[in-house]
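Descriptive analysis of the structure
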Amino acid sequence: MRLFLACLLALASGPLAAQVAVSGTVSDSTGTALPGATALLLSPADSVMVSFASSRADGAFEIRRVREGAYILKVSFVGYRSHEQNIEVASDDLDVGTVTLQSATDELGRLVVAAERVPLVLRGDTLDYDAAAFGTPQGATVEDLLRRLPGVEVDSDGSITAQGEQVDNVLVDGKEFFGDDPTIATQNLPADAVDRVQVYDQASDTAEFTGVDDGEEERTINLELKEDRRSGVFGNVSGGFGGVPGGASASGVGVGGPGALYDGRASVNRFSPSTQVSLIANVNNVNRQSFSVSDYFQFLGGPAAMASGGTFTFRTNGAIPIGDGPGDGFSETASGGLNLNHEFSDRTSLQSSYFLHTLDKTRDETLSREQFFGQDLTSRLEQQGRDDQTTQLHRLSLNGAHEFADDHDVRLRSSLRLGLNGSDAVSQRQTFGIAGLQENGADTDYDSDGTTLGGDATLTYRRKFSGNRSLIAEATGDLNSSDADADFLATNRLFQNGDLLTQEEIAQLQSERGDTFTAGASLTFTQPLAQKQALQFRLEHRETHEDQTREVFDLIGGDQVLNALQSSAFERVYRFDRGGAQFISNAEPLSVSGGAVLQLTRLGGTQFGLTDALDRQFLRVLPEATLGYAISDSRSINLRYSTSTREPSVRELQPVVDNRDPLRIYVGNPGLLPAYTHSVSLRYLSFDQFTSTNLFASLRASYSPTAISTARFVDAQLRQNTTPINTTGTWTINGNGSFGTVVRPLASRVSVSTNGVYNRAIELVNAEENVSSLLRATVNLRIENRTKDRFDLVGGARVTYNNVAYSLNPQLDRDYVNRGFFAELGWSPSEAWEFRTEIDVNVFGDAVAGASAGARSVPLWRAEAARTILDGRARVELEATDLLDRNLGIDFTNAASFVQESRVNTLGRYVLMRFVYNLGASGGRPGGGGIRIVR
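In this numbering scheme, every chain counts its residues from 1 along its sequence in written order. For this predicted model, a pLDDT threshold of at least 70 governs which residues receive local features, and a threshold of 80 or more governs which side-chain atom pairs are given and counted, while totals over whole chains, interfaces and linings are taken from all residues. To obtain the side-chain values, all non-hydrogen atoms of the structure were included, while hydrogens and water were left out.

**Section: the pattern of salt bridges**
- The term salt bridge refers to a pairing of a side-chain nitrogen on Lys or Arg with a carboxyl oxygen on Asp or Glu at a separation within 4 Å. In this structure the tally under the stated criterion is 40 salt bridges.
- Arg 572 serves as the salt-bridge partner of Glu 546, at 2.2 Å between the closest nitrogen and oxygen. Remark: Arg 572 occurs in strand β30 (residues 568–585) and Glu 546 occurs in strand β28 (residues 533–556); sequence separation between them is 26 residues.
- For Arg 572, a relative accessible area of 5% puts it in the buried group. Each helix is a run of H or I in the DSSP string that is no shorter than four residues. Each strand is a run of E no shorter than two, and both are numbered from the N terminus. Buried means the residue's accessible area, taken with a 1.4 Å probe over protein chains only, is under 20% of the maximum for its type, while exposed means over 50%, and partly exposed covers the values in between.

**Comments concerning the sheet that holds strand β11 (residues 160–162)**
- We treat two strands as partners when DSSP finds at least two bridges between them. In space, the three strands of this open sheet follow the order β10-β11-β12, with antiparallel pairing throughout. With one partner strand each, in any of the chains shown, β10 (152–154) and β12 (165–166) form the two edges of the open sheet.
- Both β10 and β11 contribute to a ladder of three bridges, which runs antiparallel. Opposite Val 154, over in β11, you have Ile 160 as the bridge partner.

**Concerning the nonpolar core**
- For our purposes a nonpolar core is just a set of buried Ala, Val, Leu, Ile, Met, Phe, Trp, Tyr and Cys residues, chained together by side-chain atoms within 4.5 Å. Leu 146, Val 197, Ile 221 and Leu 223 are the most contacted members of the largest nonpolar core, which totals 37 residues.
- In this description, contact between two residues means that some pair of their heavy atoms is separated by no more than 4.5 Å. Dropping the residues within four chain positions of it, Val 197 is found in contact with Leu 127, Asp 128, Tyr 129, Leu 145, Leu 146, Leu 149, Ile 221, Asn 222 and Leu 223.
- In this structure, Val 20, Val 26, Val 75 and Val 96 belong to the second largest nonpolar core, which totals 19 residues.

**Notes on the side chain of Asp 885**
- Topologically, Asp 885 is positioned in the loop between β47 (874–881) and β48 (890–895).
- Of the residues examined, Asp 885 reaches a relative accessible area of 9% and is grouped as buried.

**Some words on a nonpolar patch on the surface**
- A grouping of Leu 590, Val 592, Leu 627, Tyr 629, Ile 631, Ile 637, Leu 639, Val 680, Leu 682, Leu 699, Trp 731 and Ile 733 is seen on the molecular surface, where their side chains present a nonpolar patch of about 940 Å² in accessible area.
- Listed by contribution, the elements that provide at least two residues to the nonpolar patch are β31 (590–607), β32 (614–632), β33 (635–646), β36 (675–688) and β40 (730–743).
- Take Leu 639: it is sitting in strand β33. A patch is a set of surface residues, each over 30% in relative accessible area and not in a salt bridge, joined within 9 Å for like charges and within 5 Å for the nonpolar side chains Val, Leu, Ile, Met, Phe, Trp and Tyr. For every accessible area listed, the method is Shrake-Rupley and the probe measures 1.4 Å; residues are considered covered only by the protein chains on display.

**Describing the packing of aromatic side chains**
- Note on ring pairs: Phe, Tyr and Trp rings are taken, using the six-membered ring of Trp, and paired if centres are within 6.5 Å. Classes follow the plane angle, with under 30 degrees stacked, over 60 edge-to-face and the rest tilted. With the rule as written, the count across this model stands at eight aromatic pairs.
- For the ring pair Tyr 703 and Trp 731, a centre distance of 5.0 Å and an interplane angle of 40 degrees mean the geometry is tilted. Taken together, the residues Tyr 703 in strand β37 (residues 693–704) and Trp 731 in strand β40 connect sequence positions 28 residues apart.
- Between the aromatic rings of Phe 791 and Trp 827, the centroid separation amounts to 6.4 Å while the plane-to-plane angle is 15 degrees, which identifies the pairing as stacked. With Phe 791 in strand β43 (residues 791–806) and Trp 827 in strand β44 (residues 814–827), this pair connects stretches of sequence that are 36 residues apart.
- For Trp 827, a relative accessible area of 37% gives the class partly exposed.
- Taken together, the ring pairs in this structure connect Phe 791, Trp 827, Trp 833 and Phe 835 into an aromatic cluster.
- Consider the ring centre and the ring normal. A charge sits over the ring if Lys NZ or Arg CZ is within 6 Å of that centre and within 35 degrees of that normal. Here the basic side chain of Arg 620 rests over the ring of Tyr 676, its NZ or CZ set 4.5 Å away from the ring centre.

The following block contains the structure:
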């Protein structure tokens, strides 16, 4: 690897000393400058593009880093005839002077519009990619296209990062597609329908209307469709069937897994200038999911439901256990959705969608966890379990907008969600002490059914007045209701010196009911001061009402007896009023903003059975400031400081016993304080469109003096009682960066990316303070060829360093490295045939005791052969997944109080035969990754 990198550096850096610049000015026949004209340098031998540049506002252009030699200079602009001339580049910069373009008309005097294609241009703060310059395989989705764009990364769960920032929205021709879930568009729209991909920061509704940047942008991707796809029908339908070669699979298929395998998909789109109608559907039993992480959070009751009482946890593979991918049990999925966007007029539009998802999943898991409870108390937990889950998720969204005038409008954003959930989880657990003797054990059976219903709406009214003053009023409402019933059976055993001491049988009926309603309103007034300067004032009121009831009945002799200790009823009211002012100055190249919010928080509640009601209030000052500097059109740096608060949840406040895990009892803390957090972030962006070199880096640090953490008490048999508490000294630092460039001697593009996280948290273990520090840093290297007419070659490696340290138990500190290697090869010997194969190997370090050497190396190998038929309208695919039958479903997890290894019986090697039919325009093979311009 060192030799390879050295060769790369030598090849890349060797020619730099002889590189010069070619410059000039573009104007029309009247001498008027033409901004945005394209200047191309072509190789005389084959007319292949070497480099390019766009002219600035004064018509000047500069093509930098050009090596000595002969070239063809081609200058073009929409509506003008292209200009070509031969040039000779020597050791000094070359100025070609003024290039005059003549208007392009035919014999009848009509304008002839023609433009040259370039792979990427920077238009202000928007990166604009030409999709045809990044060839994708036949049948590829938008997600496959995005993976090839410089500066864009797509994770295994479908989440997208562009220039180091998480992408929040994916639009189609500027319109929302199935609400705010970006993965639906990227995983269901065909890549060959996209003409251009635009990446930019979408301003908030307030900033868009006032023209004053408020720093509340969302990283957005807009998919601009090809002209022939904006009117008519396009998309595809497919069906695949297969099975496991040779019968039973070593990974479980044929032994508790599915027999025949199937995978059907459909994406049908009917677009017109005023209407977009899209239908998507899929049904499969190959573990391919069609809902996102945000759907999973909403199903659980929102992101707050993912809180773990202050315990910071990360998984080495970054996965969320929702059955996404072939490594997490056996899943059968069916889903479908309809999206409708319609413009009634230039001033009135409606966007709506409905999405349904069902999931039946079986998960057999073996878990080994090493956990600590203090200097003299450590344990090893071994657990085997099976969970049969059923999920049904409905989601309806409706967004509308109406303009009364150019400076007067109203917008509505709303959604409705319904989730039905069933689970039957059975587990057997044993906990062993330091001497290796068993201390406790539990057999549990938790059979539950639940329903969640939620909806939200935001109504925004915006109006401008004289002097460019503006007023924005907003009202919001959010309602969530949950209802769950469960049968709970458990047998708990306690041991002493390895001998059974006591045994306890638990048989209960449990029910939980909860309603949460949040309503709020705000007013924002903007007063311009000078050019690109303004004062912004904001008032806001918000309140949340929560009503939670939990009833537990012990089954004794066939009778149901209320367990008052574990039953509870709790009402909570959380209100805040805030008012603040902010000064904003966006005078280029420096942008500055600063202000503060005064927030009064009131927290009240009543607990069934307690005489004292909860009644507390907190007054907080929440300052914020940003500083941005545009070094050039393609380089910028931003610094931001902000503060925030997190209020305790109902579960964290209730002093009620939760025994769903009988060996880890949870009790809330009514005295818990809100968590107050300071955050600082730094971001640097640089993109050189002339050499396609990008450099992005960001760093974010947060500190909480009142973090919500955990106190746990552990007895001699290693039973735990945990409760949330406030602690100080919690730090979290996140950083990421990426660098990519073209290495012309290798005809390749090389990219290096890195991301890391450091967390320092404090817990109390048997009244002793334990400081845990977790560090993870990952470096990724990717190399791929640029010209993909026949061959598509990609290779790379990743290294992840993990370090876990505990102040109470330094003997449990872990320091290990996980490695990965991947390679992809695509070959198209003709227009009809295509072959692809890829392999991804994960090599895990010695993360936990008991990890076997054979399990630390997990390769996943896929292969596919495809034949295009019916004049490009259809294709037949043969795909094989996990050819080595080694997809073991291994997951390593680090947390503040434990490290663990989990293994899941999962779908292994299988083969599918698929038929795909393209609707509308002929499928045809997309263009290659290189750009070839013929004179």
